[in-house]
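Spelled out from the first residue to the last, the chains are:
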Amino acid sequence: ETGVTQSPTHLIKTRGQQVTLRCSSQSGHNTVSWYQQALGQGPQFIFQYYREEENGRGNFPPRFSGLQFPNYSSELNVNALELDDSALYLCASSLVGVGNSPLHFGNGTRLTVT
Amino acid sequence: AQSVTQLDSQVPVFEEAPVELRCNYSSSVSVYLFWYVQYPNQGLQLLLKYLSGSTLVKGINGFEAEFNKSQTSFHLRKPSVHISDTAEYFCAVSDSGGNQFYFGTGTSLTVIP
């Protein structure tokens, strides 16, 4: 079974720039969620995608957007980067409709905004 | 909405000693509860989950947790820790909709040789 993979592992951007992070779901999973983990904090829910549609969103501004593709892979896009966007971004896949399916996480992308 | 409180930010414990990591949750609906472990520079790995049924759940690496509805708690325990258990531990809750997991701020477990 192929796990969740994320790319890149590390990224450095300048304030005001735009960034795209990528995620491949675990095989057999049809739902992707993105979380932001600031240093010393627990993960915070950004949004979830199911059947290529946004299926729930946390308290994040519209400059955080996403996509899910037919093969269930996903992208997280962040526009107009701010210093506070520096964090570990975690992608998690799950299987909606099969009990309450636990999240399976990738190793994350460490984003640094300078 | 749900919330999770992990009362202990850091827990040092000697190798082979028992440990308990505390987790309390707040919710007005039925919940599902999870414990995850995060090693440095890695994502989160599922340790165990409570969905329904027996309130004592067993997970990987010898960990177990007990769901206590009256005290709204889901404490994680291990009878004898190893050096390799040093990591960050997160408690999480979700509801029947399953769209969003709410995580606590984490407990850093350090096992001392």
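Just so it is clear, the structure is predicted and the values come from calculations on it, not from any experiment.

Undergrad: Break down the overall build of chain A for me, citing the residues and quoting the values.
TA: When helices and strands are tallied, chain A shows 0 helices and 11 strands. Put simply, chain A runs from its N terminus to its C terminus through helices and strands in the order β-β-β-β-β-β-β-β-β-β-β. For 114 residues, the compact-globule estimate of 2.2 N^0.38 gives 13 Å, and chain A sits close to it at 13 Å. Counting across all 114 residues of chain A, residues that qualify as buried make up 50%. Sequence separation of 24 or more characterises 53% of the internal contacts of chain A that already satisfy a separation of 6 or more. Within the structure as shown, chain A displays about 5,400 Å² of accessible surface, and the carbon and sulfur contribution to it stands at 48%.

Undergrad: With reference to specific residues and values, describe the packing of aromatic side chains.
TA: Taken as a whole and judged by the stated rule, the model has 14 aromatic pairs over all chains. Note on B:Y25 and B:F67: the rings are 6.2 Å apart at their centroids and 25 degrees apart in plane angle, and the pair reads as stacked. Of this pair, B:Y25 sits in strand 4 (residues 24–26) while B:F67 sits in strand 8 (residues 64–68), and the two are 42 residues apart along the sequence. The residues B:Y25 and B:F67 share a single accessibility class, namely buried. An aromatic cluster is built from A:Y35, A:F45, A:F105, B:F34, B:Y36, B:F101 and B:F103, whose rings are joined through pairwise contacts.

Conventions used here
Residues numbered from 1 in each chain as written. Chains lettered and ligands numbered in written order. Predicted model: local features only at pLDDT ≥ 70, side-chain atom pairs only at ≥ 80, totals over all residues. Heavy atoms only, no water. Helix = DSSP H or I, 4+ residues; strand = E, 2+ residues; numbered from the N terminus. Rg over C-alpha atoms; globule rule 2.2 N^0.38 Å. Buried < 20%, exposed > 50% of the residue type's maximum accessible area, 1.4 Å probe, protein only. Contact = heavy atoms within 4.5 Å. Areas by Shrake-Rupley, 256 points an atom, 1.4 Å probe, with all protein chains shown as cover. Phe/Tyr/Trp six-rings, centres within 6.5 Å; stacked < 30°, edge-to-face > 60°.

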